[in-house]
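Residue-level listing of the chains:
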Amino acid sequence: MWPVVRRTLLTIVGVQFLLALGLTLVDSWRRRGKKPQPFTTLPPQDVQIGDGTVTTYTYGQDLFEDMLAAIESARQMVLFETYIWKGDAIGERFKRALVAAAERGVEVYVIYDAFANIVVDPRFKTFPPVLRVLRYPVYNAGWRPFDLRRYGRDHRKVLVVDDDVAFVGGFNIGSAYATEWRDTHVRITGPAVWDLKRSFADFWNDHRRGRRPLLLETADPAWEPRIRLHRNLPRHWMFPIRGMYLEAINRARRNIWMTHAYFIPDPDFVEALSAAAARGVDVKILVPRTSNHVVADWISRGYFGQLQAAGVQIHRFEGAMVHAKTATVDGNWSTVGTANIDRLSMTGNYEINVEFIDPGMAKVMEAVFVSDLDQSSHLSPRDWNARGLHRRFTEGLLRPLRHLL
C-alpha cells in the first residue's frame, strides 16, 4: 500500500512542478521582444515628519539620480545594500559612484545577494579592494542544512549616506527598473536615518565571516515615534512585518489600500481583510495583471474569489510591472518597504519596511494609489466567475505551491 501512496504523491507533486515549469517557459517565450507600456507616475513628493523629511518616489529614474547624487556627496560613509544589481548602464553608474567615493576616502560598504545575481556577468561582480563587499552567499547553511533560519535571501534595498540621508523601498538596481517598472521607494532624513544605518550594520556584523565589523555609536539619537522600522530576521526567527500589517488591517475603519507585486496571503491575512470588508472598510488590493513571475500570478488568483465574496476589491495594473510593496490605512497609517505579502517575505527572507503614522504621509500614499488605479482595471466578481474551466483547473492544481511561495 505504501509504495502506491508514495508513487501517487510523487506523481501529484511532479505534475505541479512540471506545470509550473511549463507556465514559466511559455510566459518567457511570449515576452520575447515585448516592451512594457508607458505608465503615469507622480513626481517626488516631500512630507515633513518631525525633524526630518520623507520623499516618496514612484519612478526609478528620479530615484536613481537622487541616490547617485547622495553617494557623490558622501563625506564619511556609504552603506549600499541591494537584492538585484544588474551589470547594465545603471548598474555600472552605481558601481563607478561607489568606487569613486571610496577612492576619495569615504568608507564604502556593499551588500548584495549572490543568488539574485547569478545571471549577472561575473566581471561586473569583481570589485576593487577599496570597497568592502559582502556577497550574501547562495547557500548559507554550511554544515547545518536543516537549519531553516539560514535559508532566507537578502531581499532588502537600502542606501545610507553619512548620518544625513537614507533610501529604502522596492527598487532594485538596473536600467529596466529606471523606466519600465512601477515601484515605490522613500528617501528619509532626520532621526530615522540612524535606524536604517543600524539595520545595515546588524546584517553586516551577523554575516561578515571574518570581515572587520561595522562599528556604530551605541547611543540612539532623538527618537521619531511616527516612523518605525520593522526588520524580518530569519536567522533570529523574527518576523515583525507580518504583525505590523495585521495590526493595521485589524484597526482599520475607513479604508485599506494595498499594492503588492506578489500577493499570496496566508489564512490570517485573508481572514483579516475579509473581516475588515465585512465591517464596511473600503478594501482595495492592487496587483500586476501580469508580473514577472507567472507562477506567483496563478497562485495569487486562487484567492480572488474568496476575497471578492467578502467584499474586497481586486484591481490589476495594466501594461507594465508594478513591483511596489506599500499600503495605507484610514488616512493616518502607511508603509513602504521590501516585503511582499507572501510566505517568502513574511516568514522567509530578510526584509525591511518603514511604518509611518502620519496623515501627511498617508495623503501622499493615497494619491499614489489613486494614480495607479487610473492605469488599472477592476476585476469584478462577475468577470472572475466567468473565467474558463482550464483556468480554474490550473489554479486548483497549483494551490499546494502557495505554501512554498
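The following paragraphs examine the structure supplied in this document. (Residues numbered from 1 in each chain as written. Predicted model: local features only at pLDDT ≥ 70, side-chain atom pairs only at ≥ 80, totals over all residues. Heavy atoms only, no water.)

## Some remarks on the overall build of the chain
To keep it simple, the criterion reads: The way it works is that DSSP assigns letters per residue, a run of H or I at least four long becomes a helix, a run of E at least two long becomes a strand, and they are numbered from the N terminus. Under the scheme applied here, a residue whose accessible area is under 20% of the maximum for its type counts as buried, over 50% as exposed, and between as partly exposed, the area being computed with a 1.4 Å probe on protein chains only. The contact criterion used throughout is that any non-hydrogen atoms of two residues lie within 4.5 Å. Each accessible area is a Shrake-Rupley estimate made with a 1.4 Å probe; only the visible protein chains count as cover when residues are assessed.
A tally of helices and strands in the chain yields 13 helices and 18 strands. With 405 residues in all, the chain has 54% of them scored as buried. Sequence separation of at least 24 residues holds for 78% of the intrachain contacts in the chain that already meet a minimum separation of 6. Carbon and sulfur atoms make up 57% of the accessible area of the chain, which totals about 18,400 Å².

## Describing the packing of helix H6 (residues 240-251) against helix H7 (residues 267-278)
The line we're drawing: With axes taken as lines fitted to C-alpha atoms, and helix axes fitted only over the stretch in contact, angles between N-to-C directions fall between 0 and 180 degrees. Orientation is classified from the angle alone, with under 35 degrees giving roughly parallel, over 145 giving roughly antiparallel, 65 to 115 giving roughly perpendicular, and any other angle giving oblique. Throughout, a crossing is termed right-handed when the near helix is turned clockwise from the far one, and left-handed when it is turned anticlockwise from it by less than a right angle. Residue classes follow a fixed rule: Ala, Val, Leu, Ile, Met, Phe, Trp, Tyr, Cys and Pro count as nonpolar, while Asp, Glu, Lys and Arg count as charged, and any other residue, Gly among them, counts as polar.
Where H6 meets H7, the axes come as close as 9 Å, and the angle between the chain directions of the two elements is 20 degrees. Here H6 is positioned roughly parallel relative to H7, judged by the angle of their axes. Relative to H7, the crossing made by H6 is left-handed. Residue-level contacts link Arg242, Tyr245, Leu246, Ile249 and Asn250 of H6 to Asp268, Phe269, Ala272, Leu273 and Ala276 of H7. Partitioned by chemical class, the residues of the contact of H6 with H7 number seven nonpolar, one polar and two charged.

## A few points about the packing of aromatic side chains
Where we set the bar: Under the pairing criterion, centres of Phe, Tyr and Trp rings, with the six-membered ring standing for Trp, must be within 6.5 Å; the plane angle then separates stacked pairs below 30 degrees from edge-to-face pairs above 60, leaving the rest tilted. In this analysis the charged atom, NZ for Lys or CZ for Arg, is taken to sit over a ring once it is within 6 Å of the ring centre and within 35 degrees of the ring normal.
Scanning the model with the defined rule gives 20 aromatic pairs in all. When the centroid spacing of 5.7 Å and the interplanar angle of 80 degrees are considered together, the rings of Trp237 and Phe239 count as edge-to-face. Residue Phe239 is classed as buried on the basis of its relative accessible area of 18%. Relative to Trp333, the ring of Tyr245 has its centre 6.2 Å away and its plane inclined at 65 degrees; by these criteria the two rings are edge-to-face. You can see Tyr245 sitting in helix H6 and its partner Trp333 sitting in strand S16 (residues 333-337), a full 88 residues away along the chain. With respect to burial, Tyr245 and Trp333 carry one shared label: buried. Sitting over the face of the ring of Phe124, Lys95 holds its NZ or CZ atom 4.9 Å from the ring centroid.

## Concerning the sheet that holds strand S15 (residues 325-329)
Condition: By this definition, two strands are paired if DSSP reports at least two bridges between them.
What the eight strands build is an open sheet, ordered S10-S17-S16-S15-S11-S12-S13-S18; its pairing is mixed. Two strands close off the open sheet at either side, each with one partner strand: strand S10 (227-232) and strand S18 (376-379). This sheet shows a mean twist of 15 degrees between the axes of neighbouring strands, independent of strand direction. As paired elements, strand S11 (residues 255-260) and S15 share five bridges and run antiparallel to each other.

## Some remarks on the pairing of strand S1 (residues 45-49)
Working note: regular strand, side chains alternate between the two faces of the sheet. Summarising the sheet, S1 and strand S2 (residues 52-57) pair through five bridges and their orientation is antiparallel. Along S2, the bridge assignment pairs Asp46 with Thr55. Counting the residues that bridge the hairpin from S1 to S2 gives two residues, and of these Gly50 lies at a positive phi of roughly 60 degrees.

## Here we look at the side chain of Lys284
To keep things clear, this is the line we draw: N or O atoms within 3.5 Å of each other form a polar contact, as long as, within protein, one can give a hydrogen and the other can take it, and as long as residues adjacent in sequence are counted only when both atoms are side-chain atoms.
As for its placement among the helices and strands, Lys284 is situated in strand S12 (residues 282-288). At 2.7 Å, the side chain of Lys284 and the side chain of Asp282 are in polar contact. Those residues in contact with Lys284 that sit more than four places away from it in its chain are Ile256, Trp257, Met258, Gln313, His315, Phe369 and Leu373.

## Description of the pattern of salt bridges
Short version of the rule: Salt bridge, as used here, is a side-chain nitrogen of Lys or Arg placed within 4 Å of a carboxyl oxygen of Asp or Glu.
One pass over the full model with this rule turns up 18 salt bridges. A salt bridge links Asp266 to Arg242, with the nearest nitrogen and oxygen atoms 2.8 Å apart. Taken together, the residues span a long stretch of sequence, with Asp266 in the loop between S11 and H7 and Arg242 in helix H6 at a distance of 24 residues. Judged by its relative accessible area of 23%, Asp266 falls in the partly exposed class. The partner of Asp268 in a salt bridge is Arg242, with the nearest N and O atoms 2.6 Å apart. Here Arg242 lies in helix H6 and Asp268 lies in helix H7, a separation of 26 residues in the sequence.

## As for the sheet that holds S2
Within a sheet, neighbouring strands are paired by backbone hydrogen bonds and run either parallel or antiparallel to one another. Strand order in this open sheet of eight strands is S1-S2-S9-S7-S6-S3-S4-S5, and the pairing throughout is mixed. Single-partner strands in this sheet number two, and they are S1 and strand S5 (132-136). On average, adjacent strands in this sheet sit at an angle of 15 degrees to one another, irrespective of strand direction. Sheet topology note: the strand S3 (residues 77-82)/strand S4 (residues 107-113) ladder contains six bridges and is parallel. The residue of S4 that forms the bridge with Met77 is Glu107. Most of the contacts of helix H3 (residues 89-103) go to S4, to which it runs at about 150 degrees, and overall it touches S3 and S4.

## Structural notes on H7
Applicable threshold: Given a helix with a known number of residues, its expected span is that number minus one, times 1.5 Å.
Between the first and last C-alpha of H7 there are 16 Å, a value that for 12 residues agrees with the 16 Å anticipated at 1.5 Å per step. Among the residues making up H7, those that are buried are Phe269, Val270, Ala272, Leu273, Ser274, Ala276 and Ala277. The secondary structure elements touched by the buried residues of H7 are H6, S11, S12, helix H9 (304-310) and helix H10 (343-347). The N-cap of H7, judged by a side-chain oxygen 3.0 Å from the amide nitrogen of Asp268 a few residues on, is Asp266. Two residues or fewer after H7 comes Gly280, characterised by a positive phi angle close to 95 degrees.

## Here we look at the environment of Pro128
Tracing the backbone through its elements, the reader meets Pro128 in the loop between S4 and S5. A C-alpha to C-alpha distance of 10.0 Å links Pro128 and Glu103, two positions 25 residues apart in sequence.

## Concerning the environment of Pro267
Along the chain, the position of Pro267 falls in helix H7. Note: C-alpha distance between Pro267 and Tyr303 (36 residues apart in sequence) is 10.0 Å.

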